[in-house]
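Take a look at the letters that make up each chain.
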Amino acid sequence: MTAAVQRTNVALAALALADLSCDHQIIIAHGNGPQVGLLALQGTAYDPDKPWPLDVLGAETEGMIGYLIEQELMNALPDGSLCATLLSRVEVDAKDPAFDAPSKPIGPVYSAEEAAVVAKTHGWKMVTETSGGMRRVVPSPLPQRIIGLGAIKVLLDAQHTVICAGGGGIPVMRNKDGNMEGVEAVIDKDRTSALLASELQADALLLLTDVVMPGSLQGPELAESVLLLYPDLRIVFMSGYPKGIDQSTDGPTSGFTKLMKPISLAMLSQTLHNEFERSPRP
(Lines give C-alpha, C1' and ligand atoms only; values in the text may rest on other atoms or scores of the structure.)
Protein backbone atom coordinates (compact mmCIF):
# COMPACT_ATOMS: atom_id res chain seq x y z
CA MET A 1 0.00 0.00 0.00
CA THR A 2 2.41 2.63 -1.25
CA ALA A 3 1.62 6.30 -1.78
CA ALA A 4 1.96 5.81 -5.54
CA VAL A 5 -0.59 2.98 -5.59
CA GLN A 6 -3.06 4.99 -3.51
CA ARG A 7 -2.65 8.02 -5.75
CA THR A 8 -3.24 5.90 -8.87
CA ASN A 9 -6.39 4.31 -7.44
CA VAL A 10 -7.74 7.69 -6.32
CA ALA A 11 -7.07 9.19 -9.77
CA LEU A 12 -9.20 6.48 -11.41
CA ALA A 13 -12.03 7.03 -8.94
CA ALA A 14 -11.76 10.81 -9.42
CA LEU A 15 -12.50 10.47 -13.13
CA ALA A 16 -15.81 8.76 -12.35
CA LEU A 17 -16.66 11.27 -9.62
CA ALA A 18 -15.87 14.19 -11.91
CA ASP A 19 -18.22 12.76 -14.53
CA LEU A 20 -21.05 12.52 -11.97
CA SER A 21 -20.45 16.06 -10.72
CA CYS A 22 -21.14 17.47 -14.19
CA ASP A 23 -24.87 16.84 -13.65
CA HIS A 24 -25.16 16.49 -9.88
CA GLN A 25 -23.83 18.13 -6.74
CA ILE A 26 -21.91 15.43 -4.90
CA ILE A 27 -20.56 14.93 -1.38
CA ILE A 28 -17.77 12.40 -0.95
CA ALA A 29 -17.10 10.20 2.06
CA HIS A 30 -14.53 7.39 2.09
CA GLY A 31 -13.15 4.48 4.04
CA ASN A 32 -9.83 4.41 5.88
CA GLY A 33 -9.31 0.87 7.19
CA PRO A 34 -6.02 0.01 5.43
CA GLN A 35 -4.60 3.48 6.12
CA VAL A 36 -5.42 3.32 9.83
CA GLY A 37 -3.74 -0.09 9.92
CA LEU A 38 -0.68 1.34 8.20
CA LEU A 39 -0.41 4.24 10.64
CA ALA A 40 -0.90 1.87 13.57
CA LEU A 41 1.99 -0.26 12.29
CA GLN A 42 4.17 2.83 11.92
CA GLY A 43 3.33 3.87 15.46
CA THR A 44 4.09 0.41 16.77
CA ALA A 45 7.46 0.44 15.00
CA TYR A 46 8.31 3.76 16.68
CA ASP A 47 7.21 2.75 20.19
CA PRO A 48 5.24 -0.49 20.68
CA ASP A 49 4.39 0.48 24.26
CA LYS A 50 2.69 3.77 23.36
CA PRO A 51 0.15 3.25 20.55
CA TRP A 52 -1.45 6.33 19.04
CA PRO A 53 -5.13 6.81 19.95
CA LEU A 54 -7.68 5.88 17.31
CA ASP A 55 -9.27 9.33 17.11
CA VAL A 56 -5.89 10.83 16.18
CA LEU A 57 -5.20 8.09 13.63
CA GLY A 58 -8.64 8.66 12.14
CA ALA A 59 -7.97 12.39 11.83
CA GLU A 60 -4.64 11.69 10.12
CA THR A 61 -6.28 9.45 7.55
CA GLU A 62 -9.05 11.96 6.85
CA GLY A 63 -6.39 14.51 5.97
CA MET A 64 -4.25 12.09 3.96
CA ILE A 65 -7.03 10.47 1.91
CA GLY A 66 -9.04 13.67 1.62
CA TYR A 67 -6.02 15.46 0.19
CA LEU A 68 -5.48 12.75 -2.42
CA ILE A 69 -9.15 12.77 -3.44
CA GLU A 70 -9.34 16.57 -3.59
CA GLN A 71 -6.18 16.93 -5.65
CA GLU A 72 -7.05 14.25 -8.20
CA LEU A 73 -10.67 15.40 -8.39
CA MET A 74 -9.60 18.98 -9.07
CA ASN A 75 -7.26 17.68 -11.79
CA ALA A 76 -10.25 15.95 -13.41
CA LEU A 77 -12.80 18.78 -13.01
CA PRO A 78 -13.07 21.84 -15.29
CA ASP A 79 -11.16 25.00 -14.37
CA GLY A 80 -13.01 27.08 -11.82
CA SER A 81 -14.49 24.11 -9.97
CA LEU A 82 -14.55 24.34 -6.17
CA CYS A 83 -13.72 21.60 -3.67
CA ALA A 84 -13.02 21.43 0.08
CA THR A 85 -11.85 18.68 2.42
CA LEU A 86 -13.02 18.75 6.03
CA LEU A 87 -12.08 16.86 9.16
CA SER A 88 -15.34 15.54 10.60
CA ARG A 89 -15.86 14.87 14.28
CA VAL A 90 -18.80 12.56 14.91
CA GLU A 91 -20.38 12.32 18.33
CA VAL A 92 -21.27 8.92 19.77
CA ASP A 93 -23.23 7.94 22.87
CA ALA A 94 -21.14 6.82 25.85
CA LYS A 95 -23.96 4.39 26.70
CA ASP A 96 -23.94 2.74 23.26
CA PRO A 97 -24.00 -1.07 23.82
CA ALA A 98 -21.15 -1.42 21.29
CA PHE A 99 -18.74 -0.34 24.05
CA ASP A 100 -19.58 -3.52 25.93
CA ALA A 101 -19.07 -5.73 22.87
CA PRO A 102 -16.07 -4.62 20.75
CA SER A 103 -16.35 -6.14 17.28
CA LYS A 104 -14.28 -4.11 14.79
CA PRO A 105 -10.82 -5.62 14.03
CA ILE A 106 -8.09 -3.04 13.50
CA GLY A 107 -4.32 -2.83 13.31
CA PRO A 108 -1.68 -5.50 12.78
CA VAL A 109 -1.97 -9.27 13.14
CA TYR A 110 -0.27 -10.70 16.24
CA SER A 111 0.82 -14.18 17.17
CA ALA A 112 -0.94 -15.69 20.18
CA GLU A 113 2.07 -14.86 22.36
CA GLU A 114 2.27 -11.26 21.13
CA ALA A 115 -1.49 -10.85 21.50
CA ALA A 116 -1.35 -11.95 25.13
CA VAL A 117 1.32 -9.32 25.84
CA VAL A 118 -0.44 -6.37 24.18
CA ALA A 119 -3.79 -7.39 25.66
CA LYS A 120 -2.30 -7.31 29.13
CA THR A 121 -0.24 -4.16 28.55
CA HIS A 122 -2.98 -2.04 26.96
CA GLY A 123 -6.15 -3.76 28.12
CA TRP A 124 -7.12 -4.57 24.55
CA LYS A 125 -9.67 -7.19 23.56
CA MET A 126 -8.37 -9.57 20.90
CA VAL A 127 -10.01 -11.84 18.34
CA THR A 128 -8.66 -14.75 16.32
CA GLU A 129 -8.59 -14.16 12.55
CA THR A 130 -9.86 -16.85 10.17
CA SER A 131 -6.46 -16.79 8.46
CA GLY A 132 -4.66 -17.29 11.78
CA GLY A 133 -3.17 -14.82 14.21
CA MET A 134 -5.00 -12.36 16.40
CA ARG A 135 -6.05 -8.73 16.07
CA ARG A 136 -7.34 -6.05 18.35
CA VAL A 137 -11.09 -5.40 18.27
CA VAL A 138 -12.66 -2.08 19.23
CA PRO A 139 -16.23 -0.80 19.65
CA SER A 140 -18.19 0.44 16.63
CA PRO A 141 -20.89 2.73 18.12
CA LEU A 142 -23.67 4.34 16.10
CA PRO A 143 -23.07 7.91 14.91
CA GLN A 144 -25.36 10.33 16.74
CA ARG A 145 -24.36 13.75 15.41
CA ILE A 146 -21.99 15.10 12.78
CA ILE A 147 -20.26 18.06 14.36
CA GLY A 148 -19.62 20.81 11.83
CA LEU A 149 -22.66 19.99 9.69
CA GLY A 150 -23.29 23.71 9.36
CA ALA A 151 -19.91 24.25 7.71
CA ILE A 152 -20.68 21.48 5.22
CA LYS A 153 -23.98 23.17 4.34
CA VAL A 154 -22.25 26.54 3.84
CA LEU A 155 -19.75 25.00 1.44
CA LEU A 156 -22.47 23.18 -0.48
CA ASP A 157 -24.45 26.41 -0.80
CA ALA A 158 -21.27 28.01 -2.18
CA GLN A 159 -21.16 25.28 -4.88
CA HIS A 160 -18.22 23.35 -3.41
CA THR A 161 -17.80 19.62 -3.77
CA VAL A 162 -17.26 18.56 -0.15
CA ILE A 163 -15.11 15.65 1.02
CA CYS A 164 -15.97 14.78 4.62
CA ALA A 165 -16.85 12.06 7.16
CA GLY A 166 -13.89 9.94 6.07
CA GLY A 167 -13.68 6.57 7.80
CA GLY A 168 -17.00 7.23 9.51
CA GLY A 169 -15.63 10.39 11.10
CA ILE A 170 -13.44 11.04 14.13
CA PRO A 171 -15.22 9.43 17.12
CA VAL A 172 -15.78 11.81 20.03
CA MET A 173 -18.04 11.97 23.08
CA ARG A 174 -18.70 14.31 25.97
CA ASN A 175 -16.85 13.54 29.18
CA LYS A 176 -18.21 14.07 32.69
CA ASP A 177 -17.11 17.73 32.56
CA GLY A 178 -19.10 18.32 29.39
CA ASN A 179 -16.05 18.61 27.16
CA MET A 180 -15.50 16.64 23.95
CA GLU A 181 -12.81 13.98 23.92
CA GLY A 182 -11.65 11.33 21.49
CA VAL A 183 -12.86 7.75 21.79
CA GLU A 184 -11.09 4.43 21.21
CA ALA A 185 -13.64 3.30 18.66
CA VAL A 186 -14.32 3.10 14.93
CA ILE A 187 -17.61 4.35 13.47
CA ASP A 188 -19.02 2.47 10.48
CA LYS A 189 -18.50 4.72 7.43
CA ASP A 190 -21.73 3.67 5.74
CA ARG A 191 -23.79 4.54 8.81
CA THR A 192 -22.18 7.96 9.04
CA SER A 193 -22.69 8.48 5.31
CA ALA A 194 -26.36 7.58 5.72
CA LEU A 195 -26.71 10.02 8.61
CA LEU A 196 -25.01 12.71 6.53
CA ALA A 197 -27.29 12.06 3.57
CA SER A 198 -30.35 12.19 5.80
CA GLU A 199 -29.31 15.43 7.53
CA LEU A 200 -28.58 17.10 4.19
CA GLN A 201 -31.77 15.72 2.61
CA ALA A 202 -29.72 14.23 -0.21
CA ASP A 203 -31.55 12.86 -3.24
CA ALA A 204 -29.51 9.65 -3.28
CA LEU A 205 -26.91 7.71 -1.32
CA LEU A 206 -24.32 5.63 -3.19
CA LEU A 207 -22.53 2.87 -1.29
CA LEU A 208 -19.55 1.96 -3.47
CA THR A 209 -17.03 -0.70 -2.51
CA ASP A 210 -14.75 -3.23 -4.12
CA VAL A 211 -13.97 -5.33 -1.06
CA VAL A 212 -15.48 -8.43 0.53
CA MET A 213 -17.77 -7.63 3.44
CA PRO A 214 -16.78 -9.07 6.85
CA GLY A 215 -18.38 -12.29 7.99
CA SER A 216 -21.55 -13.26 6.15
CA LEU A 217 -22.74 -9.67 5.56
CA GLN A 218 -23.63 -8.89 1.95
CA GLY A 219 -24.22 -5.51 0.32
CA PRO A 220 -28.02 -5.88 -0.02
CA GLU A 221 -28.28 -6.64 3.71
CA LEU A 222 -26.28 -3.48 4.43
CA ALA A 223 -28.50 -1.42 2.12
CA GLU A 224 -31.65 -2.79 3.78
CA SER A 225 -30.23 -2.01 7.23
CA VAL A 226 -29.51 1.58 6.16
CA LEU A 227 -33.07 1.93 4.82
CA LEU A 228 -34.48 0.78 8.15
CA LEU A 229 -32.62 3.65 9.83
CA TYR A 230 -33.22 6.21 7.07
CA PRO A 231 -36.26 5.11 5.03
CA ASP A 232 -36.39 8.28 2.90
CA LEU A 233 -32.98 7.70 1.32
CA ARG A 234 -32.50 6.40 -2.21
CA ILE A 235 -29.73 3.83 -2.41
CA VAL A 236 -27.94 2.47 -5.46
CA PHE A 237 -26.11 -0.77 -4.67
CA MET A 238 -23.27 -1.68 -7.06
CA SER A 239 -22.31 -5.34 -7.01
CA GLY A 240 -19.52 -7.55 -8.24
CA TYR A 241 -21.77 -10.62 -8.44
CA PRO A 242 -21.56 -11.74 -4.79
CA LYS A 243 -22.65 -15.28 -4.05
CA GLY A 244 -26.40 -15.64 -3.74
CA ILE A 245 -27.26 -12.53 -5.77
CA ASP A 246 -29.30 -13.01 -8.95
CA GLN A 247 -27.25 -11.34 -11.70
CA SER A 248 -30.32 -10.84 -13.85
CA THR A 249 -31.88 -8.49 -11.30
CA ASP A 250 -31.16 -4.86 -12.09
CA GLY A 251 -34.26 -2.97 -10.98
CA PRO A 252 -35.61 -1.72 -7.65
CA THR A 253 -35.39 -4.48 -5.05
CA SER A 254 -36.43 -4.18 -1.40
CA GLY A 255 -36.48 -0.39 -1.70
CA PHE A 256 -33.11 0.10 -3.38
CA THR A 257 -31.67 -0.23 -6.87
CA LYS A 258 -29.07 -2.86 -7.79
CA LEU A 259 -26.51 -2.20 -10.50
CA MET A 260 -24.54 -5.28 -11.49
CA LYS A 261 -21.02 -5.40 -12.94
CA PRO A 262 -19.66 -4.80 -15.51
CA ILE A 263 -20.62 -1.16 -15.00
CA SER A 264 -19.77 1.74 -17.31
CA LEU A 265 -19.86 5.42 -16.44
CA ALA A 266 -22.80 5.79 -18.83
CA MET A 267 -24.74 3.05 -17.00
CA LEU A 268 -24.05 4.62 -13.63
CA SER A 269 -25.01 8.09 -14.84
CA GLN A 270 -28.27 6.83 -16.36
CA THR A 271 -29.13 4.94 -13.17
CA LEU A 272 -28.63 8.09 -11.13
CA HIS A 273 -30.80 10.10 -13.48
CA ASN A 274 -33.51 7.45 -13.15
CA GLU A 275 -33.29 7.58 -9.34
CA PHE A 276 -33.52 11.36 -9.24
CA GLU A 277 -36.53 11.38 -11.56
CA ARG A 278 -38.34 8.66 -9.66
CA SER A 279 -41.26 9.81 -7.48
CA PRO A 280 -40.44 10.23 -3.79
CA ARG A 281 -41.27 7.33 -1.52
CA PRO A 282 -44.70 7.58 0.12
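Fair warning: this is a prediction, and the values are worked out from it, not measured in the lab. (Residues numbered from 1 in each chain as written. Predicted model: local features only at pLDDT ≥ 70, side-chain atom pairs only at ≥ 80, totals over all residues. Heavy atoms only, no water.)

Re the packing of helix H1 (residues 3-21) against helix H3 (residues 54-76)
Then, number 1: Remark: H1 packs on H3, axes separated minimally by 8 Å, with the N-to-C direction vectors making an angle of 50°. As judged from the angle between their axes, H1 and H3 are oblique. For the crossing formed where H1 meets H3, the hand is right-handed. Counted together, Gln6, Arg7, Val10, Ala11, Ala14, Leu15, Leu17 and Ala18 of H1 and Tyr67, Leu68, Ile69, Gln71, Glu72, Leu73 and Ala76 of H3 form the full contact between these two elements.
Then, number 2: Residues belonging to the contact of H1 with H3 are distributed by class as follows: 11 nonpolar, 2 polar and 2 charged. (Axes fitted to C-alpha atoms, helices over the stretch in contact; angles between N-to-C directions. Helix = DSSP H or I, 4+ residues; strand = E, 2+ residues; numbered from the N terminus. Parallel < 35°, antiparallel > 145°, perpendicular 65-115°, else oblique. Left-handed = near helix turned anticlockwise from the far one by under 90°. Contact = heavy atoms within 4.5 Å. Nonpolar A, V, L, I, M, F, W, Y, C, P; charged D, E, K, R; others polar.)

Details of the environment of tyrosine 67
Then, number 1: Within the secondary structure, tyrosine 67 is located in helix H3.
Then, number 2: Relative accessible area serves as the criterion here: at 41%, tyrosine 67 is assigned to the partly exposed category.
Then, number 3: For the pair formed by tyrosine 67 and isoleucine 163, sequence separation is 96 residues and the distance between their alpha carbons is 9.1 Å.
Then, number 4: Every residue in contact with tyrosine 67, bar those within four places of it in the chain, is listed here: Arg7, Glu62 and Thr85. (Buried < 20%, exposed > 50% of the residue type's maximum accessible area, 1.4 Å probe, protein only.)

Description of the pairing of strand S5 (residues 125-128)
Then, number 1: As paired strands, S5 and strand S6 (residues 134-138) are joined by 4 bridges and run antiparallel to one another. Looking at S6, one finds that methionine 126 is bridged to arginine 136.
Then, number 2: Two successive antiparallel strands, S5 and S6, enclose a turn made up of 5 residues, where glycine 132 displays a positive phi of approximately 100°. (Pairing = 2+ DSSP bridges.)

Observations concerning the packing of helix H2 (residues 33-46) against H3
Then, number 1: At a minimum axis distance of 9 Å, the contact between H2 and H3 shows a crossing angle of 120°. Judged on the interaxial angle alone, H3 and H2 are oblique. Of the two possible hands of crossing, H2 and H3 adopt the one that is right-handed. Listed contacts from H3 to Gln35, Val36, Leu39 and Ala40 of H2 are Leu57, Glu60, Thr61, Met64 and Ile65.
Then, number 2: Of the residues in the contact of H2 with H3, the class split is 6 nonpolar, 2 polar and 1 charged.

Observations concerning the environment of glutamate 224
Then, number 1: Its location among the elements puts glutamate 224 in helix H7 (residues 219-229).
Then, number 2: Looking at glutamate 224, the relative accessible area reads 34%, which means it is partly exposed.

Things to note about the nonpolar core
Then, number 1: The biggest cluster of nonpolar side chains holds 31 residues, and the ones touching the most others in it are Ile152, Leu196, Leu205, Val226, Leu233 and Ile235.
Then, number 2: Secondary structure elements with two or more residues in this core: helix H5 (149-157), helix H6 (189-199), strand S11 (205-207), H7 and strand S12 (235-239).
Then, number 3: Non-local contacts of isoleucine 152, meaning those with residues more than four positions away in its chain, are made with Leu86, Ile146, Val162, Cys164, Leu196 and Leu200.
Then, number 4: Val10, Ile69, Met238 and Leu259 belong to the second largest nonpolar core, which has 18 residues in total. (Core = buried A, V, L, I, M, F, W, Y, C linked by side-chain atoms within 4.5 Å.)

So, the pattern of salt bridges
Then, number 1: This structure, assessed with the given rule, holds 3 salt bridges.
Then, number 2: With a shortest N-O distance of 2.9 Å, arginine 145 and glutamate 91 are connected by a salt bridge. Pair noted here: arginine 145 is in strand S7 (residues 145-147) and glutamate 91 is in strand S3 (residues 89-91), with a separation of 54 residues, a long-range link.
Then, number 3: Judged by relative accessible area, arginine 145 falls into the partly exposed class, the value being 38%.
Then, number 4: The partner of glutamate 129 in a salt bridge is arginine 135, and the shortest N-O contact between them spans 3.5 Å. (Salt bridge = Lys/Arg side-chain N within 4 Å of Asp/Glu carboxyl O.)

Focus on the side chain of histidine 160
Then, number 1: Relative to the elements of secondary structure, histidine 160 occurs in the loop between H5 and strand S8 (161-163).
Then, number 2: One polar contact links the side chain of histidine 160 to the main-chain carbonyl oxygen of alanine 158, over a distance of 3.3 Å.
Then, number 3: For histidine 160, the residues in contact, after removing those within four places along its chain, are Gln25, Leu82, Cys83, Ala84 and Leu155. (Polar contact = N/O pair within 3.5 Å; in protein donor to acceptor, adjacent residues only side chain to side chain.)

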